[in-house]
Amino acid sequence: FCLMAAPGKVAAFRLPPLPTIGEIIKLFRLKALKQLSQNFLLDLRLTDKIVKQAGELKNAHVCEVGPGPGGITRSILSAGVEQLLLIEKDARFIPGLQMLSEAAPGKVRVIHGDILTYKMEKAFPKHLKKNWEDEPPDIHIIGNLPFSVSTPLIIKWLENVSKRDGPFTYGRTQMTLTFQKEVGERLTANPGSNQRSRLSIMAQHLCTVENCFIIPGQAFVPKPEVDVAVVHFTPLVQPKIQQPFELVEKVVQSVFQFRRKYCFRGIETLFPENERLRRTEQLMMTADVDPTLRPFQLSMSQFRNLCNAYRKMCDEDPSLFVFNYREELRQKKMTRSLLDSTGQPEQTEEENQL
């Protein structure tokens, strides 16, 4: 539906009168499920504010993840988008979203499916594709994510950024997503911050990450126990660590394995026990990283040096990359169980921490 435009002006898109989000929730007897960590955002001023962080959406193509009862959906449509793809896993919300689709003919496509398995590389028209070095395409991903899915989903999308597939086959697609406040702080944490973590490195080496604003928990229904951060991602033209995603993730995960200890303790877990000391010293010296720094103190360039040095070692000895420290611990534990008459050997400190 479009309002009549003044002569010489383009008509602005307006949704027709619709039930409020609260009325939609009552109409379809919707209830946020705690086991799915669902929280509804009913304040349209806040949904407008989230959508505004995505940037200019006029005539853009947008994918909204987990629209639920459709609060953010209405704000996206009011921004004048060309096309809106809604991906919702919970079948209870589909009728309300179909009502929105009918109110905006030709603009909205509703998919009942799981965003973790949905093939995003075919979600948008081919003509929107841009070269990676160009400005980001006119495509945006927006979502108020359930806490239970937010971290695995952003890791999956960061891997897509690294490989330039999924929603990033179209170029440097931008994302505006909600996270638990603490996760938002991790995503944007600087070296030295207590919130610095694996997530900080994986996100910041691939994207410009901006913590836009905090939404107080009481704005949601039901009220979560934590506040919520709105975070905006723009993929970088060149990643800060130019190594395969799996290699970077393995190194970063290992370093943060013992976040309160010196960083060399985590680095040790990259190597088999019989050559652990020698290989760890070799890696730290090649990367020129002080082994007595804590994991959260390491800069991005130090992580880059560690990844580059580890890659060189893996190229010389391919068996290194497939080594799994946890599997080694499991095997040792099984061996001790067989030797211990009680069958319940004491766990090492490393096993307890892991």
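What counts as what
Residues numbered from 1 in each chain as written. Predicted model: local features only at pLDDT ≥ 70, side-chain atom pairs only at ≥ 80, totals over all residues. Heavy atoms only, no water. Salt bridge = Lys/Arg side-chain N within 4 Å of Asp/Glu carboxyl O. Helix = DSSP H or I, 4+ residues; strand = E, 2+ residues; numbered from the N terminus. Buried < 20%, exposed > 50% of the residue type's maximum accessible area, 1.4 Å probe, protein only. Contact = heavy atoms within 4.5 Å. Polar contact = N/O pair within 3.5 Å; in protein donor to acceptor, adjacent residues only side chain to side chain. Axes fitted to C-alpha atoms, helices over the stretch in contact; angles between N-to-C directions. Parallel < 35°, antiparallel > 145°, perpendicular 65-115°, else oblique. Left-handed = near helix turned anticlockwise from the far one by under 90°. Nonpolar A, V, L, I, M, F, W, Y, C, P; charged D, E, K, R; others polar. Core = buried A, V, L, I, M, F, W, Y, C linked by side-chain atoms within 4.5 Å. Domains from an automatic or database assignment. Pairing = 2+ DSSP bridges. UniProt positions renumbered as here; feature names shortened; annotations may be inferred.

Time to look at the pattern of salt bridges. This structure, assessed with the given rule, holds 15 salt bridges. Here Arg279 makes a salt bridge to Asp317, at a shortest N to O gap of 2.9 Å. On the criterion of sequence distance, the pair formed by Arg279 in helix H10 (residues 276–287) and Asp317 in the loop between helix H11 (300–316) and helix H12 (319–322) is long-range, its members being 38 residues apart. Given the relative accessible area of 9%, Arg279 is considered buried.

Now for the environment of Arg109. Position of Arg109 relative to the elements: it lies in strand S4 (residues 108–112). When its relative accessible area of 38% is taken as the criterion, Arg109 is described as partly exposed. Between the C-alpha atoms of Arg109 and Leu84, which are 25 residues apart in sequence, the distance is 6.3 Å. Apart from the residues within four sequence positions on either side, Arg109 is in contact with Leu84, Leu85, Leu86, Tyr118 and Ala123. Among the polar contacts listed, one links the side chain of Arg109 to the backbone oxygen of Ala123, at a separation of 3.0 Å.

Two numbers describe how helix H2 (residues 44–53) lies on helix H3 (residues 71–78): the axes approach to 8 Å, and their chain directions differ by 60°. Classed by the angle they form, the pair H2 and H3 counts as oblique. Judged by the twist between their axes, the crossing of H2 over H3 is right-handed. Of H3, the residues touching H2 (which contributes Leu44, Thr47, Asp48, Ile50 and Val51) are Gly71, Ile72, Ser75 and Ile76. A class-by-class count of the residues in the contact of H2 with H3 yields 5 nonpolar, 3 polar and 1 charged.

Right, let's talk about the nonpolar core for a bit. The biggest cluster of nonpolar side chains holds 63 residues, and the ones touching the most others in it are Trp157, Leu177, Phe179, Leu187, Phe233, Leu283 and Leu306. Ranked by residues supplied to this core, first place goes to H11 with 8 residues. Here this core gathers at least three residues from each of two domains, domain 1 (27–235) and domain 2 (245–339).

Before going further, it helps to examine the sheet that holds strand S3 (residues 83–88). If you trace the 7 strands from one edge of the open sheet to the other, you get S4-S3-S2-S5-S6-S9-S7, paired in mixed fashion. In this open sheet, the two strands that pair with only one neighbour each are S4 and strand S7 (207–215). Strand-to-strand twist across the sheet, computed as the mean angle between neighbouring axes with direction ignored, equals 20°. Here 6 bridges tie strand S6 (residues 174–180) to strand S9 (residues 228–235), and the two strands are oriented antiparallel to one another. Counted as the bridge partner of Leu177 is Val231 from S9. Against the sheet, helix H5 (residues 147–163) makes contact with strand S2 (61–65), strand S5 (139–143), S6, S7 and S9, and its axis sits at roughly 150° relative to S6, the strand it touches most. Strands S6, S7 and S9 of the sheet are contacted by helix H6 (residues 181–188), whose axis makes an angle of about 130° with S6.

Two elements in contact, helix H8 (residues 245–255) and H11, have axes whose closest approach is 10 Å; the angle formed by their N-to-C orientations is 115°. Considering how the two elements wind past one another, H8 and H11 form a crossing that is right-handed. The residues of H11 that touch H8, namely those facing Leu247, Val248, Lys250, Val251, Val252 and Val255, are Phe303, Leu306, Cys307, Tyr310 and Arg311. Of the residues assigned to the contact of H8 with H11, the class counts are 9 nonpolar, no polar and 2 charged.

The UniProt feature table records "binding site: S-adenosyl-L-methionine" (unreviewed entry) at Asn39, Leu41, Gly66, Glu88, Asp114 and Asn144. For Gly66, the position within the fold is in the loop between S2 and H3. Since its relative accessible area comes to 27%, Gly66 is described here as partly exposed. Setting aside chain neighbours within four positions, we find Gly66 in contact with Ile87, Glu88 and Asn144. Considering the arrangement of structural elements, one finds Asn144 in the loop between S5 and H5. The exposure class assigned to Asn144 is buried, which follows from its relative accessible area of 14%. With sequence-adjacent residues up to four places away left out, Asn144 is seen in contact with Asn39, Leu41, Val65, Gly66, Ile72, Thr178 and Phe220.

Now for the pairing of S2. On any regular strand, side chains alternate: one points to one face of the sheet, the next to the other face. Taking burial as the measure, the 5 residues of S2 include 5 buried ones, the bulk of the element. Of the strand pairs in this sheet, S2 and S3 are connected by 5 bridges, and their pairing is parallel. Opposite Val62, over in S3, you have Leu84 as the bridge partner. Of the pairings in the sheet, the one linking S2 to S5 comprises 5 bridges and is parallel in character. Of the residues in S5, the one forming a bridge with Val62 is His140.

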